[in-house]
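In case you want the letters, here they are:
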Amino acid sequence: MDRELVGLLSIVLLFILLFARLPIAFVMLVLGMGGLFLLKGPTAMLQSSAQTMYSTLASYSLVVVPLFTWMGYIGFHAGISEHLYDAAYKLVGSLKGGLMMATSMACAAFGAICGSTTATSATFAALALPQMKKHGYNRGLAAANVAASGILGVLIPPSVIFIVYCSLTAQSVTKLFVAGILPGLLLMVLFMAATYISVARHPELAPPGPLFPWKERIKAVARGGVEVIIIFAAVMGGLLSGYFTATEAGSVGAFATLLVVLARRSLTWQAFVNSLKDTIRTATMVMFLVAAAAIYGKFLEITYIPAMIAEWTVSLPLPPFAVMITILLILMAMGCVIDALAMILLTIPIFYPAARVLGFDPVWFGVIVTLALGLGVLTPPVGANVYVVFAVDKETPVMEIFRATWPYLIAIWVCLILLILFPQIATLLPGLLG
């Protein structure tokens, strides 16, 4: 059997098994090893699988995944997220839809210490949704706002998705971290604009909250912002000044977060233990998924499927702009059925070579792909962020949340188009690093 045919059949079988709701990591592992067995034989399959898994899990660049994950969980269990939400609420809570705008702002700030979109959504689903319901907000739109705002957690550095992208493409983690700052802030503003426009058309969806005096606002911002600024400055400041590498930044960030919460006396022993348990659970899942995808990627590589798709993409009689839109549409469609991290692991080996041939900046492309994942975590049937919010809320029906996500899906597409038209939004800050 031709290796190209084996590769195509594996991709078809992959989607069939995913629609059957089988775990993506095990699906990729079995298909990868099975494909290597067919093409190379049992001995080569075992040797290649073992070497690939070991080299992936022993990768120095991926050590940072559990460290940045722990940063987020320390912040969550120590109440940093509560301080951020309180600060944002007192700043903009008096506006129409102010609580939802506050959620977007707080998620962006929390993204500075948490690199996971689902963790960010879960944190603010528990924190913000009860407040919005208490103030009479439409439950569907409120839940959709939390699910969408969670995407900011993977654009504002540090980001687990960025780290995995760099491990696959050998790009600079520091440059990609810096590249995500302006697009992340832009998306936050677009989410706030989407909320404002939705509420302006239907004021009953989100009544304004109380107006707080400026003294109380400044006090809340100082309380919530200082913690994040210290942690963010420790991580990004050291990275940009060259004092340590991106991997070492994970250790510095976790240590800085621990020092801040201990200085505030906001971390109990039980919360500390829970942060370690959550980190181990999440990091193990991520690392196993990355290793399984590496084996499947090794198999695809010897089938020449990624190279064939890259050649086909480049040969299309379309300008690069139209090709990029086509790639984004494919990513959006795949995001409907595949988890965000799994989609990065599956698609980057295929689309990254095409992006390089077309002349796209690899750092800009990483931001674009990560942003495109936001479409997938908000659309059915997978819609990871929506299901996370539903699991925490337990009251708002899933389909009601999905129906309310459209203003935020439009905001993501606007952000994507702006990044395509003005790539300097993502490349400006990395360009200053040289």
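None of these values were measured; they are calculated from a predicted model.

Participant: Just checking my understanding: could you explain unusual backbone geometry for this structure?
Facilitator: One can expect most non-glycine residues to show negative phi and most peptide bonds to be in trans. Put simply, proline 157 and proline 158 share a cis peptide bond, and its omega is 5°. Within the chain, alanine 170 stands out as a residue other than glycine whose phi angle is a positive 60°. The topology assignment puts alanine 170 in the loop between helix H11 (160-169) and helix H12 (173-179). Given a relative accessible area of 70%, alanine 170 falls into the exposed group. Phi angles above zero are rare outside glycine, and lysine 394 is one such case at about 65°. Among the secondary structure elements, lysine 394 is positioned in the loop between helix H21 (384-393) and helix H22 (398-403). A residue is classified by how much of its surface remains accessible, and lysine 394, at 66% relative accessible area, is exposed.

Participant: Explain the side chain of asparagine 145 to me, please; I cannot follow it from the model alone.
Facilitator: Secondary-structure assignment places asparagine 145 in helix H9 (residues 139-149). Overall, asparagine 145 belongs to the buried group, its relative accessible area being 0%. Of note is the side chain of asparagine 145, whose polar atom sits 3.4 Å from the backbone oxygen of methionine 100. Excluding its chain neighbours within four sequence positions, the residues that come into contact with asparagine 145 are Met100, Thr103, Ser104, Met132, Thr195 and Tyr408.

Participant: Whenever I open this one, the packing of aromatic side chains confuses me. Can you help?
Facilitator: Each aromatic ring pair is described using two quantities: the centre-to-centre distance and the angle formed by the ring planes. According to the stated counting rule, one finds 13 aromatic pairs in the structure shown. Seen from their ring centres, phenylalanine 26 and phenylalanine 288 are 5.3 Å apart, and the 55° between their planes marks the pair as tilted. You can see phenylalanine 26 sitting in helix H2 (residues 24-40) and its partner phenylalanine 288 sitting in helix H16 (residues 269-303), a full 262 residues away along the chain. Judged by its relative accessible area of 49%, phenylalanine 26 is partly exposed. Seen in terms of ring centroids, tyrosine 296 and phenylalanine 299 are 5.9 Å apart; in terms of plane orientation they differ by 50°. Their pairing is tilted. Of this pair, tyrosine 296 and phenylalanine 299 both sit in helix H16, three residues apart, which is roughly one turn of that helix. Pairwise contacts between aromatic rings join Tyr85, Tyr89, Phe110, Phe124 and Phe212 into one cluster. Cation over ring: lysine 90 sits above phenylalanine 212, and NZ or CZ is 5.7 Å from the ring centre.

Conventions and cut-offs
- Residues numbered from 1 in each chain as written.
- Predicted model: local features only at pLDDT ≥ 70, side-chain atom pairs only at ≥ 80, totals over all residues.
- Heavy atoms only, no water.
- Helix = DSSP H or I, 4+ residues; strand = E, 2+ residues; numbered from the N terminus.
- Buried < 20%, exposed > 50% of the residue type's maximum accessible area, 1.4 Å probe, protein only.
- Polar contact = N/O pair within 3.5 Å; in protein donor to acceptor, adjacent residues only side chain to side chain.
- Contact = heavy atoms within 4.5 Å.
- Phe/Tyr/Trp six-rings, centres within 6.5 Å; stacked < 30°, edge-to-face > 60°.
- Lys NZ or Arg CZ within 6 Å of the ring centre and 35° of its normal.

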